[in-house]
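The primary structure of each chain is shown beneath.
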Amino acid sequence: MKTIEAIAAELQGYDPQALSVPMVNAFLHQLVAPVTQTETVSIFQALDRVLAQDVISPISVPPHDNSAMDGYAFNGAALAARAPLTLKIAGTALAGKGWVGTLGSDECLKIMTGAILPRGFDTVVPQELVTIQGDAVIIPPGLLQPGDNRRQMGEDLMQGLPALQKGTLIKPAAMGLLASLGIKEVQVFRKLRVAYFSTGDEILSLGDSPREGAVFDSNRYTVWGLLTRLGCEVIDMGVVRDEPALLEAAFLEAATTADAIITSGGVSVGEADYTKAMMKKLGDVAFWRIAMRPGRPMAVGRIVNNKSASGARQTSFSSYEKESNPPPSSAILFGLPGNPVAVMVTFLAFVRPALLQMMGSTQRPPPLLKARSMEAIRKKPGRTEYQRGTVSTARDGSLQVQTTGNQGSGVLSSMVQANGLIVLHHTQGNVALGDEVDVMVFDGII
Ligand code: AMP
Ligand code: MG
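Here is a short report on the structure shown in this document.

Rules used in this analysis
Every chain is numbered on its own, with residues counted from 1 as its sequence reads. Working convention: letters from A go to chains and numbers from 1 go to ligands, in the order in which they are written. At least 70 in pLDDT is required for a residue's local features to be given in this predicted model, at least 80 for side-chain atom pairs to be given and counted, and no such filter applies to totals for whole chains, interfaces and linings, which use all residues. Computation of side-chain values covers all heavy atoms of the structure but excludes hydrogens and water. Counting from the N terminus, the helices are the DSSP runs of H or I reaching at least four residues and the strands are the DSSP runs of E reaching at least two. With C-alpha atoms as the basis for the radius of gyration, the globule rule is written as 2.2 Å multiplied by the number of residues raised to the power 0.38. Three labels apply to residues, based on accessible area from a 1.4 Å probe with only protein chains included: buried if under 20% of the type maximum, exposed if over 50%, partly exposed otherwise in between. Contacts: residue pairs with any heavy atoms within 4.5 Å of one another. Working definition of accessibility: Shrake-Rupley area with a 1.4 Å probe, residue cover restricted to the visible protein chains. Two residue types count as positive, namely Lys and Arg, and two as negative, namely Asp and Glu; His and chain ends fall outside the count. Charge positions are represented by NZ for Lys, CZ for Arg, CG for Asp and CD for Glu. Note on pairing: two strands pair once DSSP finds at least 2 bridges between them. Each axis is a line fitted through C-alpha atoms, taken for helices only over the stretch in contact, and angles between the N-to-C directions span 0 to 180 degrees. The criterion for a residue being near a molecule or strand is simple. One of its heavy atoms has to lie within 4 Å of it. Between N or O atoms, a polar contact is any pair within 3.5 Å; within protein, one atom must be a potential hydrogen donor and the other a potential acceptor, and residues adjacent in sequence are included only when both atoms are from side chains. Each residue gets one of three labels, nonpolar for Ala, Val, Leu, Ile, Met, Phe, Trp, Tyr, Cys and Pro, charged for Asp, Glu, Lys and Arg, and polar for the others, Gly among them. Buried Ala, Val, Leu, Ile, Met, Phe, Trp, Tyr and Cys residues form a nonpolar core when they are joined through side-chain atoms within 4.5 Å. When we speak of the arc, we mean the arc of directions from the helix axis to the C-beta atoms. Two rings from Phe, Tyr or Trp (for Trp, the six-membered ring) form a pair when their centres are within 6.5 Å of each other. A pair whose planes differ by under 30 degrees is stacked, one over 60 is edge-to-face, and the rest are tilted.

Of regular secondary structure, the protein chain possesses 10 helices and 26 strands. Over its C-alpha trace the protein chain gives a radius of gyration of 30 Å, far above what one expects of a compact globule, namely 22 Å for 446 residues. By residue count, 47% of the 446 residues in the protein chain fall in the buried class. For the protein chain, the share of sequence-separated contacts (at least 6 apart) that also reach a separation of at least 24 residues comes to 72%. Total accessible area on the protein chain is roughly 21600 Å²; 52% of this is exposed by carbon and sulfur atoms. Looking at the protein chain, you have 39 positive and 41 negative side-chain charges, and the mean spots of the two groups are 2 Å apart.

Below, the structure written as structure tokens:
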């Protein structure tokens, strides 16, 4: 386990008061580690889970050379010898049934899609290309090459080779692929447990009576949604009032039960509350000012519960293997800013990739898309800006993007309206109308 200090020492140009977005990600990559415990689940339960070991194909798919079309199977070598080619129909091969018999070079077999190709028969002529004459088919010249319309044994998956790699985030296609191999269960990393609470005395829980200067807690719900979408087990702790005893109890409980703790609020420079003090007291935490907008302040580190018995984790995770050297219960801390848009942006930019790494996933973040800006955007070099945008297809088929108006970091409606974030990179300056910009589309992410 590397300390904050050790990681900082390894990163060239680390300055907690002015961190670039790429530097934050490089830091977090060093800080977090994948969970080690695994469990076996059925295919249906495997959706959005991460494979904990390679899956080696127990069989080849397809298991035999077979026909890709309804038609007539024959030895393709005959194509070079005679044209047009006339072949006698010797029988019919149906899908799911092996055809038994021997065939001469002047014979063919009526064959259905998926039926096994008899030995030596490597080519299929689709039925719509032939003329039938009594018990023979006539294949016109120039339409086929030997090997056409044949699916080769193992062309999808070859017995003995890895079909899926450890670290794969299982999606619907992978579920089907596992089933095509006859595999019913797979070993996956256990779900990541992530605790969340909102801080700030001005934050009302739903159901509280409104009062002047107070706002309802929206972050609890966006974070719950983001974590659930990611396949995490969410430990929802609601709002924790700004009192040292309550904050301490919340952090210690979270450190004992969760792999990661996400909080919102209380990390900005001018904060007069106890959140930062408690983070400092209970863990190894760095307080950053990130060169980005929205989302400048953030606290990151590890919260430790020294008070918990070393076996505390085992009580809640009794089914998991005991770690060889159980540390005091600790959890990675992501102390996010309070503003609702800043919470979502910092989650997408930093927390989500870090949590994926903790889940054992080796998946790379989806590529940013290029879109033409439908307006001029003011941007200062020296910080990364994330503007809410609506991406659409222009008349010429290319992508275009428009900002969603008010970009205030508290304007959550901009996130609802947007279908992506326009990413204006650290060194980038003003954007002119028609310039290409990078866009992180939300589809499949949030
Ligand atoms: P802070 O980072 O604590 O200074 O909060 C910045 C802004 O975000 C303030 O206007 C807070 O009222 C608002 N805020 C903080 N936490 C939440 C929350 N859980 N839900 C909605 N707004 C919040
Ligand atoms: Mg606050």
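An order of E16-E13-E17-E21-E20-E18 is seen for the 6 strands of this open sheet, with the pairing classed as mixed. Of all the strands in the sheet, the pair left with one neighbour each is strand E16 (233-240) and strand E18 (283-289). In this sheet, adjacent strand axes meet at a mean angle of 15 degrees when their direction is disregarded. Here strand E20 (residues 297-305) runs beside strand E21 (residues 329-336); their pairing, made up of 7 bridges, is antiparallel. Bridged to Arg302 within E21 is Ile332.

What follows is about the site of ligand 1. Neighbouring ligand 1 are 17 residues; Glu202, Asp217, Gly266, Glu271 and Gly338 lie closest to it. At a separation of 3.0 Å, an oxygen atom of ligand 1 approaches a polar backbone atom of Gly266. Gly338 places a polar main-chain atom, nitrogen or oxygen, 2.9 Å from an oxygen atom of ligand 1. Out of a free accessible area of 480 Å², ligand 1 has 79% covered by protein chains. Of the residues contributing to the shell around ligand 1, the split by class is 5 nonpolar, 9 polar and 3 charged.

Attention now moves to the nonpolar core. Counting residues in each nonpolar core, the largest one holds 58 residues, and the members touching the most others are Leu28, Ile262, Trp288, Phe334, Phe347, Phe350 and Leu355. Aside from chain neighbours lying at most four places away, what touches Phe334 is Leu28, Ala260, Ile261, Ile262, Thr263, Met298, Ala299, Val351, Ala354 and Leu355.

A separate point is helix H5 (residues 219-229). When we look at burial in H5, the residues that qualify are Asn219, Thr222, Val223, Leu226 and Leu227. Buried residues in H5, looked at end-on, bunch into an arc of 130 degrees, giving them a common side. Where H5 is buried, its residues meet strand E13 (193-199), E16, strand E17 (260-264) and helix H9 (340-358). Positioned one or two residues after H5, Gly231 has a phi angle of 85 degrees, which is positive.

A full pass over the atoms with the stated rule returns 3 aromatic pairs. Pairing Phe27 with Trp288 gives two aromatic rings, centres 4.9 Å apart and planes at 80 degrees, and the pair type is edge-to-face. Pair noted here: Phe27 is in helix H2 (residues 21-31) and Trp288 is in strand E18, with a separation of 261 residues, a long-range link. Residue Phe27 is classed as buried on the basis of its relative accessible area, which comes to 0%. Taken together, the aromatic side chains of Tyr14, Phe27 and Trp288 make up a single cluster linked through ring pairs.

Another point: the sheet that holds strand E8 (residues 131-133). The strands making up a sheet associate through backbone hydrogen bonding, with each pair oriented either parallel or antiparallel. Strands sit in the order E7-E4-E6-E5-E9-E8 across an open sheet of 6 strands; the sheet is mixed. Of all strands in the sheet, those with a lone pairing partner are strand E7 (123-126) and E8, marking the two edges. When the angles between neighbouring strand axes are averaged without regard to direction, this sheet yields 40 degrees. As judged from the 3 bridges shared by strand E4 (residues 71-74) and strand E6 (residues 107-111), these two strands associate in the antiparallel manner.

Let us now look at the pairing of strand E23 (residues 384-393). In terms of residue burial, E23 counts as a mostly covered element, since 7 of its 10 residues are buried. Here E23 pairs with strand E25 (residues 420-424) via 5 bridges, running antiparallel. Paired with Glu385 across the strands is Leu424, a residue of E25. Here E23 pairs with strand E24 (residues 399-403) via 5 bridges, running antiparallel. Looking at E24, one finds that Thr393 is bridged to Leu399. The hairpin turn running from E23 into E24, its antiparallel successor, is 5 residues long, and Gly397 in that turn takes a positive phi close to 90 degrees.

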